[in-house]
Amino acid sequence: MAILLGIDTGGTFTDAVLWDEQSASVLAKAKALTTKTDLSIGIGEAIQAVLQQGVASPGDVRLVSLSTTLATNALVEGHGGRAGLVFIGFDDSDVTRAGLAEALASDPLIRVTGGHDTGGQEFASLDLETLEAQARAAAPTLDAFAVVSRFATRNPAHERAARDALSRATGLPVTCGHELSDALNGPKRALTALLNARLIGMIADLIAAARAVCDGAGLDAPMMLVKGDGALVSADFAAERPIETILSGPAASLVGATALTGLRDAIVSDIGGTTTDIALLSDGLPRLSPRGATVGGFETMVAAVDMATHGLGGDSEVTLRINGLHTEVVLGPQKAMPLSLLVHTHPDLLETLEGQSRRDVPHDQDGRVALATGREPRVPLTGIEEGVFAALRAGPQPLETLCPTRQKLAAMDRLRKRGLVALATFTPTDAAHVLGTHGVWSTPAAHLGAGLFARKRDGKGERVAQDETGFAQMVL
């Protein structure tokens, strides 16, 4: 029989499933925590657990299919590598179109002359000397480059020449806009290429981890990744064009819903740890977006399922927003480690939460703990960032002691966006622990977190909630 191994690496869990193609049925399934510091650990635990059920041997597996929400989550949360954008032959006004300026943020923009006209004829000569000089200066703080040239869809010669020059000068990965889309609209192609460049390291790490685990388990089968439109591509293709994997996990869920239910028309909602994704099945096929995938507020040129993606999931960070005399509970879009999981992995921190709950006066940072993700910075840190990061090397720290000033809080936020630091705080997963609908981690920690948030004050100076259960119900 033909058995397929499906692996889905999400922001919280990694799932493995053995699927019998002939009978169209699930033979076995298993779940493990996603280990972002070393993805191979979580993938390995999931694969080992599913194979140990004895329904198939590694030699029976004919295909390994990998889907992931890592790319989607990175864009929703504003994470990913740092990339420089090379903008060839465009005007100043072009930088302000298609959300490009917002996407660039503090990443460097290198503008040089060049480009082609609508007929593919050279509009101006490419200034490689300026390009190489600026690229060498920026390279030490970057993970990759993106290159987009004026009307490169008519003639990609300047993008290719710039790519070759950047590779020689810096050795960093380079994404060319014409390789991702043949549609017009230079700024939108630039946005797509920039986001792709930021994701290259992340998806490359995922593929390398999955391959290493499969090799170690004796799985000698081709590996493919699910694209955002539900189709499969080779792992090598996905490593070069990781932007194609945004909405990969939700697209796989949509296709899976068709196989498992037999329904040809349905609304499918995929609620994970980081995002909630809603899409439509139409006549047995995922409905595709005519505009391209929109994730994290950015509209790309990537073919993908027509899906609404929101930064809302089981691990969404819970915060309180004062609105006049009332206080609103806000979920996401940032993801946080549930306090129940934090104490499950670091039992000594239960005492920290107990100490905060014994104080007479609530603190703004009660129930919020920072911890290092295990990743090392690829670019230099500022002095304040280095101080915060160094303190976390010793272990998780309450945010009130780690970041007593606004400057340190801002540094913490920057480190978090770069994936170097994570925040543990109250989440919907903790609320489920309090209400008894979930209980795999530390329920006492969830209760303490709920109590710390419940006693915070609203705009009228009153408690946000009367007790732990009341606050958990507000969150859910």
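Here goes a summary of the coordinates provided. The residue numbers shown here count from 1 along each chain, following its written sequence. With pLDDT at 70 or above as the cut-off, local features in this predicted model cover only qualifying residues; side-chain atom pairs require 80 or more to be listed or tallied, and sums for whole chains, interfaces and linings still use all residues. Calculation of side-chain values draws on the structure's entire complement of heavy atoms; hydrogens and water are dropped beforehand.

### Digging into unusual backbone geometry
Next up, step 1: With an omega of 0°, the peptide bond between Gly332 and Pro333 qualifies as cis.
Next up, step 2: In this structure, Pro333 sits in strand β18 (residues 326-335).
Next up, step 3: For Ala98, which is not a glycine, the phi torsion comes out positive at approximately 60°.
Next up, step 4: We count a stretch as a helix when DSSP gives it H or I for four or more residues in a row; a strand needs E for two or more, and each element gets its number in order from the N terminus. Turning to its location among the elements, Ala98 is positioned in the loop between β5 (83-88) and α3 (100-104).

### Digging into the sheet that holds strand β6 (residues 109-112)
Next up, step 1: By the convention used here, strands pair only if DSSP detects at least 2 bridges between them. Spatial strand order, β6-β5-β7-β8: four strands in an open sheet with parallel pairing. Where the open sheet ends on each side, the last strands, each with one partner, are β6 and β8 (174-176). Strand-to-strand twist in this sheet, taken as the mean axis angle between neighbours without regard to direction, amounts to 20°.
Next up, step 2: Bridge analysis of β5 against strand β7 (residues 144-149) gives six bridges, and the strand direction is parallel. Opposite Ile88, over in β7, you have Ser149 as the bridge partner.
Next up, step 3: Packing of helix α4 (residues 128-138) onto the sheet brings it into contact with β5, β6 and β7, and relative to β6 it is tilted by some 165°.
Next up, step 4: The contact criterion used throughout is that any non-hydrogen atoms of two residues lie within 4.5 Å. Think of each axis as a best-fit line through the C-alpha atoms, taken over the contacting stretch in the case of a helix, with angles from 0 to 180 degrees between the N-to-C directions. Where helix α5 (residues 157-170) meets the sheet, it contacts β5, β7 and β8, and its direction lies at approximately 160° from that of β7.

### Structural notes on the pairing of strand β12 (residues 276-282)
Next up, step 1: Where strand β11 (residues 266-271) and β12 come together, six bridges link them in antiparallel fashion. Bridge pairing links Val268 to Ala279 in β12.
Next up, step 2: Where β11 hands over to β12, the hairpin turn is made up of four residues, counted between the paired strands.
Next up, step 3: Pairing analysis gives four bridges linking β12 to strand β16 (residues 307-310), with the strands arranged antiparallel. In the sheet register, Ala279 faces β16, and the bridge partner there is Met307.

### Observations concerning the pattern of salt bridges
Next up, step 1: Note on definitions: salt bridges are taken to be side-chain nitrogens of Lys or Arg within 4 Å of carboxyl oxygens of Asp or Glu. For the structure on display, the rule yields 26 salt bridges.
Next up, step 2: Look at the salt bridges and you will find they share partners, linking Lys227, Asp229, Arg241 and Glu244 into a network.

### Topic: the pairing of strand β1 (residues 3-9)
Next up, step 1: Here β1 shows a clear split, with Ile3, Leu5, Ile7 and Thr9 buried on one side and none of Leu4, Gly6 and Asp8 buried on the other.
Next up, step 2: Where β1 and strand β4 (residues 61-68) come together, seven bridges link them in parallel fashion. Paired with Gly6 across the strands is Ser65, a residue of β4.
Next up, step 3: Relative to strand β2 (residues 13-20), β1 runs antiparallel, the two sharing seven bridges. Paired with Ile3 across the bridge in β2 is Asp20.
Next up, step 4: Here β1 folds back onto β2 in antiparallel fashion, the turn holding three residues. Partly exposed describes any residue whose relative accessible area lies between the buried limit of under 20% and the exposed limit of over 50%, with all areas from a 1.4 Å probe on protein chains only and scaled to the type maximum.

### Quick word on the sheet that holds strand β22 (residues 421-425)
Next up, step 1: The sheet built from four strands is open, its strands ordered β19-β22-β20-β21 with mixed pairing. The sheet is open, and its two edges are formed by β19 (337-338) and β21 (397-398), each paired on a single side.
Next up, step 2: Summarising the sheet, strand β20 (residues 369-372) and β21 pair through two bridges and their orientation is antiparallel. Within the sheet, the bridge partner assigned to Val369 lies in β21 and is Pro398.
Next up, step 3: The sheet strands contacting helix α11 (residues 383-392) are β20, β21 and β22, and the helix crosses β20 at an angle near 85°.

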